[in-house]
Structure formats: structure tokens, C-alpha cells
Amino acid sequence: MSSETASHLRVVVTHYGGPDALEVVEEPRPEPKAGEARVRVLAAGVSLPDVMAREGIHPETPAVPFTPGWDLVGVVDRLGAGIAGIEPGQVVAAMPIHGAYAGWVCLPQEELVPVPAGVDAAEAVCLVLNYITAYQMMHRSAKVRRGGRALIHGAAGGVGTALLQLGRLAGLELYGTCSSRGASVVTALGGTPIDYQHQDFVEEIHRLAGDGVDVVFDHIGGAHLWHSRKALRPGGKVVGYGLISSIRGEGALTSSRPGRRRRFRGAARFALYIAAGSLLPGRKRVVPYSIQTLKRLKPAWFRHDLITLLDLLQQRKIEPIIAQRFPLADARRAQELLANGGVTGKIVLVGEGARSEPS
């Protein structure tokens, strides 16, 4: 598409369901309203919440039709009335929750966080959802201490690799469940891999770490939270941050039964585990984490934590793993790859003019 045209591509979820629900449309570029900046998207993350929203089972699912995409990095292109302190050409990051799968988006100025010069947009977008989730769970929910032990489920994935890198910086003893093909990545990032397909992680943790770990990061949800609790030492926490069982077909929410009315069953079960964990002996708690809830309650924390992470990225103290870069028009293929499981790192959609593969 010529840069002279005033159109762009946007991905739309036309109905709740499988990958066929994603449609790519070409339409005029949006115009910023007062207080908004128009941003040309350089990179948008592909996340499991995007897939769950497409299925209609995520708490943040909009009514159809909608454009998915939680996180983006782009270049400010045009300013609406009343904008000050930001200029066209500034690279910014944002977490709009939906809308990032597009060539151009308009966002309120307060949503935009400056990105340091020279940072790769695809790496930077990994920080917005995955690394902030990892950082806040580790330092704001679990309040980890140097020398503590952590078990990370899905340790080779986008949030898992972020937890490993940040855990190593925090001086933690790290263990991670993964498939056999993800073991080398977990080891390279400083963790001890546990093959969830052939080993019971609770037995392995107690074999390797004696009385257990101080924190378990669990993105699976459902009954898995309770099993994770068994890996804790007294006083430990399970931080639950997802309901992957709802996609895999193991819990109350399954992709075979899409629809927003279904999504609250998993949350109710989650609440039950939280309450039970607080009442049972052993001082082993199950606590929830939601990046969007914390962002709404403490927006200054989100901004502070993202700036902190961008600084770590610029210093190369963290190095996000990008599983694959797809052009925006291949969003369906990107989501299919993610939903099939086994992805190491994060899948990123790249916008017009951005490179599809790293140099």
C-alpha cells in the first residue's frame, strides 16, 4: 500500500469463535480527537488474552465487531487539539487492551509512554504486557526477596521467559515447567527445567528444593492452582494470572463453548481457591493478579514499571525473546500458532514500514 494513500489495514473480530473470526479490512486512517494522538503502529503483541477475547471468554472482551490487540509500540504521527509535551515522530508504547492490530490507532495522551531512541520496537512491545505482568507479579504481588525460590509455569513462553530474566536479576533460585523442547531455553535463562509432560512438578520441586518454593507463578488456572499450592513452602504464595485451561479445554471455559456469558465461571472458581488457600493451615496463599485491574487502580505504577523495564532493555539487562514476526495481514496465522502452544517467547505483528525479520 502506498504511503500516499490515507488508508490502513485493521484486523476485526467479526464473531466470537476460531481463527476464521479474524478479518483484515482496509479503511481510512482514523483522525485523532481532542486529547488524542494518532500513532503509526510499528509492533503489536500477539497474546493469549487476544485469543480469549476472540473466543469471547476474556473478562475484557468487547462486543463484536472489535479489533484485538493489547499492546503496541509506534510512532506519533498526528496530534489532536489540546496535546502538549509530545511531538510527532516520538516513539511510544501503550496498552490499549484492544485495538492494537491496526496500521494506525488514536489513543489518549495519558496512555502513551515514551520509548528510548534506538530500541527495537518488537522487543519493546514485549515489555508492555509480558514483562510488566512478570515484574508486577514478582515485585508487587509476591514481593520476592533475593535468595528466594520461584516456580514458573510455562517458563519458555512470553511471560515465562520474562519471569526468568527478571528473577535472575532479582537473585532468585528459579525452576520452570516446560516441554522438553523448551528445556534449553529455561536452562539458558538460569532456571532448572521440569518437563511437565513426563514429570509431576510437585514431586520434582520437593526433590530439588526440599520444603518447596516461596512463590509459584501460575497462568493455567482452574484446579492447577491447587496443585501449584502443594509446591509451596510454608508462607508461600501462588500468584494466579490466567485461565489457559479455558482455551485448552480443561476448565469451565472452553473454546468449544464460546461466549461472554461463560467467562465468569472460571473467575468464580478462582475466587474459591483464593478463599480456601487463606483458610487452610500452612500459610500458603493463592492470590490473583490482573494487569488491567492494577493499571486502572494504580496507573502511576504501570507507567513507572514500564519506564523501569525500558531502561533495563536499553541497557541490555533484559533481552526479550521474539518467537516470530508476522506482518499485520497474517494475524490469523499468528494467533493459530500461539493457540497451538509450544511457542518460545512472544509473537509480534509488525506494521507497515517495520521489518518483518530482525536484521
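Residues numbered from 1 in each chain as written. Predicted model: local features only at pLDDT ≥ 70, side-chain atom pairs only at ≥ 80, totals over all residues. Heavy atoms only, no water.

Student: How do you make sense of the environment of A183 when you look at a structure like this?
Tutor: Here A183 is to be found in helix α4 (residues 183-188). The spacing of A183 and I194 is eleven residues in sequence and 7.6 Å in space, taken between C-alpha atoms. Not counting the four nearest positions on each side in its chain, A183 is found in contact with C178 and P193. (Helix = DSSP H or I, 4+ residues; strand = E, 2+ residues; numbered from the N terminus. Contact = heavy atoms within 4.5 Å.)

Student: Sorry, what's going on with the nonpolar core here?
Tutor: Within soluble globular proteins, side chains that are nonpolar generally end up buried alongside one another. L163, L166, F217, L306 and L309 are the most contacted members of the largest nonpolar core, which has 59 residues in total. By residue number, the principal contributor to this core is helix α2 (residues 121-141), which donates 14 residues. In this structure L166 touches Y131, A134, Y135, M138, L309, L312 and I318, once residues within four positions along its chain are discounted. With 33 residues, the next largest nonpolar core counts A53, V105, L107 and I347 among its residues. (Core = buried A, V, L, I, M, F, W, Y, C linked by side-chain atoms within 4.5 Å. Buried < 20%, exposed > 50% of the residue type's maximum accessible area, 1.4 Å probe, protein only.)

Student: I tried to follow the packing of α2 against helix α3 (residues 158-169) on my own but got confused; where do I start?
Tutor: Helix packing for two helices is described by the angle between their axes and how far apart those axes are. Direction vectors running N to C along α2 and α3 enclose 50 degrees, while the axes themselves pass 8 Å from each other. As summarised for this structure, α2 and α3 are arranged oblique, according to the angle between their axes. The crossing of α2 and α3 is right-handed. Residue-level inspection shows N130, Y131, T133, A134, Y135, M137 and M138 of α2 in contact with α3, the latter providing G158, V159, T161, A162, L163, Q165, L166 and G167. Here the residues of the contact of α2 with α3 sort into nine nonpolar, six polar and no charged. (Axes fitted to C-alpha atoms, helices over the stretch in contact; angles between N-to-C directions. Parallel < 35°, antiparallel > 145°, perpendicular 65-115°, else oblique. Left-handed = near helix turned anticlockwise from the far one by under 90°. Nonpolar A, V, L, I, M, F, W, Y, C, P; charged D, E, K, R; others polar.)

Student: Is there a simple way to think about the pattern of salt bridges in this case?
Tutor: In this structure the tally under the stated criterion is 18 salt bridges. Its salt-bridge partner being E60, residue R296 comes within 2.8 Å of it at the nearest N-O pair. With a gap of 236 residues between them, R296 in helix α9 (residues 291-297) and E60 in the loop between α1 (48-55) and β4 (72-79) connect regions that are remote in the sequence. With a closest N to O distance of 2.9 Å, E204 and R207 form a salt bridge. Residue E204 and its partner R207 are both found in helix α5 (residues 201-209); the two are separated by three residues, about one turn of the helix. Assessed through its relative accessible area of 13%, E204 is described here as buried. Salt bridges sharing partners connect three or more residues here, namely R149, E173, D211, D214 and R233. (Salt bridge = Lys/Arg side-chain N within 4 Å of Asp/Glu carboxyl O.)

Student: Please explain the layout of surface pockets as it appears in this structure.
Tutor: Left-over empty space is what a probe sized like a water molecule reveals as it rolls over the atoms. Size it by volume and the second largest pocket reaches roughly 220 Å³. Looking at the second largest pocket, it is lined by 15 residues, and the ones nearest its centre are A142, K143, V144, R145 and D214. Listing elements by their share of the lining of the second largest pocket, those giving two or more residues are β8 (149-152), β11 (213-218) and β12 (232-240). Here the element with the most residues in the lining of the second largest pocket is β12; it accounts for three residues. (1 Å grid on protein atoms, 1.4 Å probe; cavity = no way out; pocket = protein on both sides within 12 Å on 5 of 7 lines; lining within 4 Å. Points joined across faces, edges and corners; volume = space filled by probe spheres on them.)

Student: How do you make sense of the confidence of the model for the protein when you look at a structure like this?
Tutor: Low-pLDDT portions of the prediction should not be read for the details of their coordinates. Chain-level pLDDT for the protein is 89 on average; 86% of the residues reach the 70-or-more range. Considering only residues more than four positions removed or in separate chains, one finds that residues 246-270, a stretch of pLDDT under 50, has 54 contacts. Here residues 355-359 scores under 50 on pLDDT; set against residues more than four positions off or in separate chains, the count is eight contacts. (pLDDT = per-residue confidence, 0-100.)

Student: Looking at this structure, how should I read empty space enclosed by the protein?
Tutor: Applying the stated criterion across every chain yields a total of four cavities of 30 Å³ or more. Around the second largest cavity, the lining comprises 13 residues; the ones closest to its centre are A53, F66, W70, I97 and H98.

Student: What is the right way to look at unusual backbone geometry in this model?
Tutor: Glycine aside, negative phi is the norm for most residues, and most peptide bonds take the trans geometry. P65 follows V64 through a cis peptide bond whose omega is -5 degrees. Along the polypeptide, P65 turns up in the loop between α1 and β4. At I97, a residue that is not glycine, the phi angle is positive and equals roughly 80 degrees. For I97, the location among the structural elements is in the loop between β5 (91-94) and β6 (104-108). Take I97: its relative accessible area is 12%, and that puts it in the buried class. With a phi angle near 50 degrees, K143 is a residue other than glycine that sits in the positive phi range. Among the residues examined, K143 registers a relative accessible area of 55% and is labelled exposed.

Student: Is there a simple way to explain the sheet that holds β8 in this structure?
Tutor: Strand pairing in a sheet relies on backbone hydrogen bonds, with the paired strands running either antiparallel or parallel. Spatial strand order, β10-β9-β8-β11-β12-β13: six strands in an open sheet with parallel pairing. Of all the strands in the sheet, just β10 (191-195) and β13 (285-288) have a single pairing partner and so form its edges. The sheet shows a mean angle of 20 degrees between the axes of neighbouring strands, taken without regard to direction. Where β11 lies against β12, five bridges are found, and the strand directions are parallel. Following the sheet pairing, D218 is matched in β12 by G240. (Pairing = 2+ DSSP bridges.)

Student: Help me out: how do you make sense of the packing of α1 against helix α11 (residues 331-339) in this one?
Tutor: Between α1 and α11, the least distance of the axes is 10 Å, while the angle of their chain directions is 105 degrees. Judged on the interaxial angle alone, α11 and α1 are roughly perpendicular. Residues L48, D50, V51 and R54 of α1 pack against Q335, L338 and A339 of α11. Here the residues of the contact of α1 with α11 are counted per class, giving four nonpolar, one polar and two charged.

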